[in-house]
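Topology and contacts: notes
Each chain, written out:
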Amino acid sequence: MDSLKDYEFEYFEKYHGGEKEVRKKMENCPDCGEKLYKFHQSNFKELFMKETSRCNSCGYGQKKILHKLN
């Protein structure tokens, strides 16, 4: 099981530009540009969700993000 220290909090201020640019930054691999495969694990007791993304095309390592649930 991954430690929470391995994840970074998602904040939308780091994204800028038009809708297509932002969507591309969030959904595509930073190395090859292919779609990232995303896996989610929810924790409703502590109100957060772990998101792990990886690219099957180029083998880009894992992108790990924590989302706060309201």
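Here we summarise the structure given alongside this text. (Residues numbered from 1 in each chain as written. Predicted model: local features only at pLDDT ≥ 70, side-chain atom pairs only at ≥ 80, totals over all residues. Heavy atoms only, no water.)

Moving on, we come to the side chain of N28. With respect to the helices and strands, the residue N28 is situated in the loop between α1 (19-27) and β2 (37-43). According to the relative accessible area criterion, N28 is buried, its value standing at 15%. Leave out the neighbours within four places in its chain, and N28 touches R23, G33, E34, K35 and L36. (Helix = DSSP H or I, 4+ residues; strand = E, 2+ residues; numbered from the N terminus. Buried < 20%, exposed > 50% of the residue type's maximum accessible area, 1.4 Å probe, protein only. Contact = heavy atoms within 4.5 Å.)

Bringing the pattern of salt bridges into the picture now. Across all of its chains, the model carries four salt bridges by this definition. A salt bridge links R23 to E19; the shortest N-O distance between them is 2.9 Å. Of the two residues, R23 and E19 both sit in helix α1, four residues apart, roughly one turn of that helix. Judged by relative accessible area, E19 falls into the exposed class, the value being 60%. We note a salt bridge from E27 to K35, for which the minimum N-O separation is 2.8 Å. Residue E27 is classed as partly exposed on the basis of its relative accessible area, which comes to 26%. By sharing partners, the salt bridges in this structure join E19, R23, E27 and K35 into a single network. (Salt bridge = Lys/Arg side-chain N within 4 Å of Asp/Glu carboxyl O.)

Where burial is concerned, most of strand β4 (residues 63-68) is hidden: five out of the six residues are buried. Two strands pair when backbone bridges link them, and strand β1 (residues 8-9) and β4 are joined in this way by two bridges, in the parallel orientation. For F9, the partnering residue across the bridge sits in β4 and is L66. Of the strand pairs in this sheet, strand β3 (residues 48-54) and β4 are connected by six bridges, and their pairing is antiparallel. From the neighbouring strand, F48 faces β4, where its bridge partner is K68. (Pairing = 2+ DSSP bridges.)

Mapped onto the elements of the fold, E10 is located in the loop between β1 and α1. Assessed through its relative accessible area of 14%, E10 is described here as buried. Considered as a pair, E10 and C58 are 48 residues apart in the sequence and their alpha carbons are 24 Å apart. Leaving out residues up to four positions away in the same chain, E10 has contacts with Y15, M26, I65, L66 and H67.

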